[in-house]
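Now for the letters of each chain:
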Amino acid sequence: MYTRSISIRPLLWLGDVRNGRAVVRSTHTKSVDKSPERLRSDKVWPSADDAVADLTSGSLVLSAGFGLCGTAETIIAAILRRTDLKDLTAVSNNAGNAGDAGLSPLIRSGQISSMILSFVGSNKALEHAYLGGRIALELSPQGTLAERIACGGKGIPAFYTSTGAGTYVETGQIPRKYFPRAEGDKGALKVQANGIPKDVKIFKDGKRYLLEEAIPGDVAIVRAWKVDKAGNCVFRYATRAFGGLMARASKLTIVEAEEIVEIGDIHPMDVNLPGIFVDRIVPATVAKKMEIVTTSPSPSTSASPASTPSSPPPELSGEKHDARLRREKIAKRAAKELKDGFYCNLGVGMPTLAVSYLKPDVKVWLQSENGLLGMGPYPTEDKVDADLVNAGKETVTLVPGASVFDSVESFGMIRGGHVDVSILGAMEVSAAGDLASYSIPGKLVKGMGGAMDLVSNPDATKVIVATDHLDKNGRSKIKQLCTLPLTGSKCVSRIITNLCVFDVDRENGILTLVELAENVSVEEVREKTDAKFTVAETVGHMEDED
């Protein structure tokens with residue numbers, strides 16, 4: 001029997017601040033039982049409580065899952081019962097929902113003091129804890145986060161990426177921690193620790209690239225569908241997004257298995273994660289969670305249609321009716337950007353509606369950044385699968401010819417320019433094609449998710465914004481210069497609103513009006529647009545057929 005000493009190197013602010021910048025705490029060590037007996041012949045532990053009994057405070061925990069898809073709920077519950085376990089840094093794509101799923105319980109209990117993640121989303125508890133100074137956050141673009149974790153498991157200390165160039169990710173202006181303030185305090189937020197500016201290098205292509213450091217973990221917590229007693233794992237559908245990445249990058253990996261089988265029961269061709277990366281296996285005793293169950297009506301029922309890519313939404317009235325009409329108008333026009341055979345990534349919300357208006361002879365491949373290519377319509381109620389969700393955490397189906405993969409491969413497709421077109425929403429977009437879509441400083445913290453990666457190669461992937469022309473307060477979203485933190489710089493080539501279509505000259509910062517909606521004049525567009533623009537010699541109509 002031997003005990004191996006494991007170094008802990010926290011990557012996030014953990015308590016020391018100098019000149020408003022985060023300072024990493026000095027290294028310390030912990031001990032975890034990784035004896036040869038455990039490693040090689042007895043990886044199966046009786047329970048998650050047993051498997052986490054020797055974890056120590058201050059650990060960096062890699063938590064698999066996308067939304068609530070593939071989260072290690074059994075292990076998280078066991079860590080929650082370890083009330084002595086504190087000061088954890090959690091690395092995850094997101095932190096679960098605002099309820100009792102994902103990492104949310106550990107945030108509410110105060111056991112997690114800091115996080116590295118890409119998306120806060122609708123988790124108001126996390127957002128309030130961050131703005132209230134009770135937790136530190138490092139927001140990292142989703143594809144960059146996946147690559148940082150992957151490098152952590154490969155012994156690669158850092159890499160360069162164009163994602164985030166020209167944004168607060170580059171300059172370190174996204175606050176990592178605010179000074180604590182009392183509940184109900186509406187005063188101005190005060191930044192306690194800012195991010196750290198990235199090293200920048202310009203390569204032969206003339207583009208700016210940011211140096212991103214790897215994230216090796218102390219402990220990984222993962223959920224798998226099937227695991228044999230040697231630790232070989234099989235992941236279902238979208239649970240591949242981060243499952244294997246987290247396991248490979250950690251010194252100690254604990255997997256909760258929905259089914260534990262004998263060695264040899266999993267064919268070598270079916271292994272998604274080799275057993276060499278797995279140290280402890282426990283039975284999954286907590287049921288899977290689903291964040292957003294979205295269904296299509298069954299063909300055999302007469303139920304009112306759900307909001308699906310293949311069926312219109314139910315009738316609405318008043319402001320909601322007007323909003324729906326605007327969304328439909330924008331989505332119909334956006335659909336014309338999707339050509340037969342295209343590989344497309346459509347953002348959450350309005351962009352996703354575009355496929356509802358494709359012509360019957362137009363077939364496209366829908367890519368989702370959480371590791372799906374070939375998404376189909378929403379499932380009927382009897383076909384709902386908790387392991388099959390899109391980037392918006394909605395339940396979906398796959399079409400014949402579809403494939404599934406992890407987040408590193410997914411964002412390789414995106415950054416590598418293999419996706420033909422990406423359609424996103426926006427808070428603001430500028431005359432030069434700058435996009436702002438993830439944060440209102442001090443008020444709203446959604447996180448960039450995969451958006452920064454999606455706009456990182458606009459020369460290869462056409463980036464289109466589909467958005468209302470005005471925000472909810474009646475202000476133009478089409479700006480001469482963006483006032484909010486940028487998602488991408490000079491990345492948008494076309495803007496589609498409920499009033500018109502603009503083409504963007506990204507190099508020269510020139511906006512050109514090329515189409516008008518029905519009953520909309522150039523004068524009305526000028527009145528409602530903050531940005532300066534020119535008018536094409538021939539202005540088309542948004543409603544015209546191709």
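Before any of the text, the structure's been laid out above.
Since this is a predicted model, take the numbers as computed values, not measurements.

The rules behind these values
Each chain carries its own residue numbering, running from 1 in the direction its sequence is written. Totals for whole chains, interfaces and linings use all residues, but because this is a predicted model, local features are given only for residues with pLDDT of at least 70 and pairs of side-chain atoms are given and counted only at 80 or more. Water and hydrogen atoms were dropped before computing side-chain values, which therefore reflect all heavy atoms in the structure. Three labels apply to residues, based on accessible area from a 1.4 Å probe with only protein chains included: buried if under 20% of the type maximum, exposed if over 50%, partly exposed otherwise in between. Numbering of helices and strands runs from the N terminus; a helix is a DSSP stretch of H or I covering at least four residues, while a strand is a stretch of E covering at least two. When DSSP finds two or more bridges between a pair of strands, those strands are recorded as paired. When two rings of Phe, Tyr or Trp (its six-membered ring) have centres within 6.5 Å they constitute a pair, described as stacked for plane angles under 30 degrees, edge-to-face for angles over 60, and tilted for the intermediate range. Note on geometry: a ring has a charge over it if NZ (lysine) or CZ (arginine) is within 6 Å of the ring centre and within 35 degrees of the ring normal. Residues adjacent in sequence count toward polar contacts only when both atoms are side-chain atoms; beyond that, a polar contact is any pair of N or O atoms within 3.5 Å, and within protein one must be able to donate a hydrogen and the other to accept it. The salt bridge criterion pairs a side-chain nitrogen of Lys or Arg with a carboxyl oxygen of Asp or Glu, the two atoms within 4 Å. Axis definition: a line fitted to C-alpha atoms, over the contacting stretch in the case of helices. Angles run 0 to 180 degrees between N-to-C directions. Note on contacts: a residue pair qualifies if any of its non-hydrogen atoms lie within 4.5 Å across the two residues.

1. So, the pairing of strand E22 (residues 421-424)
- Alternating residues of E22 divide into Val-421 and Ile-423 and Ser-422 and Leu-424, and every residue in both groups is buried.
- Taken together, the 3 bridges between strand E18 (residues 343-346) and E22 define a ladder with parallel strand orientation. Residue pairing in the sheet places Cys-344 in a bridge with Val-421 of E22.

2. As for the pairing of strand E8 (residues 136-139)
- On E8, burial covers both faces: Ala-136 and Glu-138 on one face and Leu-137 and Leu-139 on the other are all buried.
- Sheet topology places strand E7 (residues 112-117) next to E8; 4 bridges connect them, and they run parallel. Its bridge partner lying in E8, Met-115 is registered against Leu-137.

3. With respect to the packing of aromatic side chains
- One pass over the structure, following the stated rule, counts 5 aromatic pairs.
- The interplanar angle of 80° and the centroid separation of 5.4 Å between the aromatic rings of Tyr-160 and Phe-203 together place this pair among those described as edge-to-face. Of this pair, Tyr-160 sits in strand E9 (residues 158-161) while Phe-203 sits in the loop between strand E12 (200-202) and strand E13 (208-213); the two residues are 43 residues apart in sequence, bridging distant segments of the chain.
- Residue class for Tyr-160 comes out partly exposed when judged on its relative accessible area of 35%.
- The exposure class assigned to Phe-203 is partly exposed, which follows from its relative accessible area of 35%.
- With 5.3 Å between their ring centres and 80° between their planes, Phe-203 and Tyr-209 make a pair best called edge-to-face.
- A cation over a ring is seen here: Lys-226 above Trp-225, with NZ or CZ 4.7 Å from the ring centre.
- Of note, Arg-526 hangs over the ring of Phe-533, and the distance from its end group to the ring centre comes to 4.5 Å.

4. As for the side chain of Ser-296
- Its location among the elements puts Ser-296 in the loop between strand E17 (280-283) and helix H9 (318-335).
- At a separation of 2.8 Å, a polar atom in the side chain of Ser-296 contacts the main-chain carbonyl oxygen of Tyr-378.

5. Topic: the pattern of salt bridges
- For the structure shown, the criterion picks out 30 salt bridges.
- Arg-415 serves as the salt-bridge partner of Asp-453, at 3.6 Å between the closest nitrogen and oxygen. In this pair, Asp-453 is assigned in helix H11 (residues 451-454) and Arg-415 in helix H10 (residues 407-415), connecting sequence segments 38 residues apart.
- The exposure class assigned to Asp-453 is buried, which follows from its relative accessible area of 0%.
- The closest approach of N and O atoms between Asp-503 and Arg-494, which form a salt bridge, is 2.7 Å.
- A relative accessible area of 25% means that Asp-503 is categorised as partly exposed.
- For Arg-494, a relative accessible area of 14% translates into the label buried.
- Among the charged side chains, a salt-bridge network with shared partners connects Arg-223, Arg-236, Glu-256, Glu-258, Lys-288, Asp-385 and Asp-387.

6. Description of the sheet that holds E9
- Spatially, 3 strands are ordered E9-E13-E12 in an open sheet, and the strand pairing comes out antiparallel. Bordering the open sheet on either side are E9 and E12, each of which pairs with just one other strand. Between one strand axis and the next, the sheet turns through 35° on average, direction left out of account.
- For E12 and E13, the ladder comprises 3 bridges, and the chain directions are antiparallel. By the bridge assignment for E13, Val-200 is matched with Leu-210.
- Most of the contacts of helix H6 (residues 142-154) go to E9, to which it runs at about 155°, and overall it touches E9 and E13.

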